[in-house]
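An overview of the molecular structure
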Amino acid sequence: MAVFTPSTMGYDRAITIFSPDGRLLQVEYAFEAVRRGMTTLGVRAVDGVVLAVEKRTRSRLMESTEKIKIVDEHVGLAFAGLFGDARVLIDQARIYAQVHRLVYGKRIPIELLVKRICDIKQIYTQHGGVRPFGVAFLFAGVDQKGPQLIRTDPGGGYTMYKADAIGSGGQKAREFLEKRYYDTITLEEAIVLALEALNYSMDGQLSPDKVEAAIVSVKDARFRILSQEEVARYVEKALGGGGAGH
């Protein structure tokens, strides 16, 4: 969490004011909201992309909310941070995708979609009376450039990744992925690797009811959320050490 010092005190009162060391503290607080979110990760393979998210419930009476969403048939996303902020931006992403189809008669390129969402995020860092979106996305999709995994940050920046993780266990998951990822990994292996990384970063052992996963394959370019049965099968492989062995 951000620590108040004489150099930062007062500069977080307005989003448009830089601190003396060039920081926008309200944006940094938005990053903190992401860091407190559920662990979310993605892995890009040679033939697709996988997303995996830790599921938590605060009460046994509560049904967990979905953290992976379909944007268009060839692209989806997972997020960490504030659910309300994510919902508004996801709705806008779906509108952009459909408008592109209507105007150009084809699917929207993944990077263009990401840029549009980041434009909105960035605008909310430079106007008074608003606050930054406290959410980060991992976009996964397939377009003419092949499989794509792109992260967006609360400040409006985006970065392409081979594998990445965000949320409360993001640092541990990234360390695991840096050691185990390799460029020739297949989608099947990537699914298991993603679940192994999630298991490494979360409290307690991974189980099918604690994870949500989705894939998009180059073969059919369709983003789909895995069923509970499919997740259970891959979790068994991950816990049995049957994943990527490089």
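Residues numbered from 1 in each chain as written. Predicted model: local features only at pLDDT ≥ 70, side-chain atom pairs only at ≥ 80, totals over all residues. Heavy atoms only, no water.

Right, let's talk about the packing of helix α4 (residues 170-180) against helix α5 (residues 187-201) for a bit. Running from N to C, α4 and α5 cross one another at 140°; their axes reach a closest spacing of 8 Å. Classed by the angle they form, the pair α4 and α5 counts as oblique. In the crossing of α4 with α5, the sense of the turn from one axis to the other is right-handed. Residues Lys172, Ala173, Phe176, Leu177 and Arg180 of α4 form the contact with α5, whose own contacting residues are Leu193, Glu196, Ala197, Tyr200 and Ser201. In terms of residue class, the contact of α4 with α5 is built from six nonpolar, one polar and three charged. (Axes fitted to C-alpha atoms, helices over the stretch in contact; angles between N-to-C directions. Helix = DSSP H or I, 4+ residues; strand = E, 2+ residues; numbered from the N terminus. Parallel < 35°, antiparallel > 145°, perpendicular 65-115°, else oblique. Left-handed = near helix turned anticlockwise from the far one by under 90°. Contact = heavy atoms within 4.5 Å. Nonpolar A, V, L, I, M, F, W, Y, C, P; charged D, E, K, R; others polar.)

Here the focus is helix α3 (residues 110-123). Under the 1.5 Å per step criterion, the end-to-end length of α3 is 20 Å for 14 residues, consistent within 8% with the ideal 20 Å. All buried positions along α3 are accounted for by Ile110, Glu111, Leu113, Val114, Ile117, Cys118, Ile120 and Lys121. Looking at the buried positions of α3, the neighbouring elements they touch are β3 (68-72), β4 (75-81), α2 (83-104), β5 (135-143), β6 (146-152) and β7 (158-160). (Expected span 1.5 Å × (residues − 1). Buried < 20%, exposed > 50% of the residue type's maximum accessible area, 1.4 Å probe, protein only.)

Right, let's get into the packing of aromatic side chains. Note on aromatic pairs: each is described by the distance of the centres and the angle between the planes. Scanning the entire structure with this criterion turns up five aromatic pairs. Relative to Phe139, the ring of Phe137 has its centre 5.8 Å away and its plane inclined at 70°; by these criteria the two rings are edge-to-face. Comparing Phe137 with Phe139 shows no difference in burial state: the two are buried. Chaining the aromatic ring pairs together yields one cluster made of Phe79, Phe83, Phe137 and Phe139. Directly above the ring of Tyr234 sits Arg233, whose terminal nitrogen or CZ lies 4.8 Å from the centroid. (Phe/Tyr/Trp six-rings, centres within 6.5 Å; stacked < 30°, edge-to-face > 60°. Lys NZ or Arg CZ within 6 Å of the ring centre and 35° of its normal.)

Taken in spatial order, the five strands make up an open sheet running β3-β4-β5-β6-β7, and their pairing is antiparallel. On the outer flanks of this sheet lie β3 and β7, each paired with one strand and no other. When strand polarity is set aside, the average angle formed by the axes of neighbouring strands in this sheet is 25°. Bridge analysis of β4 against β5 gives seven bridges, and the strand direction is antiparallel. Paired with Ala78 across the bridge in β5 is Leu138. (Pairing = 2+ DSSP bridges.)

Once that is clear, we can look at the pairing of β6. Of all seven residues making up β6, seven are buried, and the element is well covered by its neighbours. Pairing geometry for β5 and β6, over seven bridges, is antiparallel. Considered in β6, the bridge of Phe139 is made with Ile150. As paired elements, β6 and β7 share three bridges and run antiparallel to each other. Its bridge partner being in β7, Arg151 is matched across the sheet by Thr159. In sequence, β6 turns back onto β7 through a hairpin of five residues, with Gly156 there showing a positive phi of about 100°.

Running from N to C, α2 and α3 point in directions that differ by 135°, and their axes come no closer than 10 Å. Relative to α3, α2 is oriented oblique. Once α2 is placed against α3, the crossing between them reads as right-handed. In contact with Leu89, Gln92, Ala93, Tyr96 and His100 of α2, α3 contributes Leu112, Leu113, Arg116, Ile117, Ile120 and Lys121. Of the residues that constitute the contact of α2 with α3, the class distribution is seven nonpolar, two polar and two charged.

These results come straight from atomic positions and should not be treated as a statement about function.
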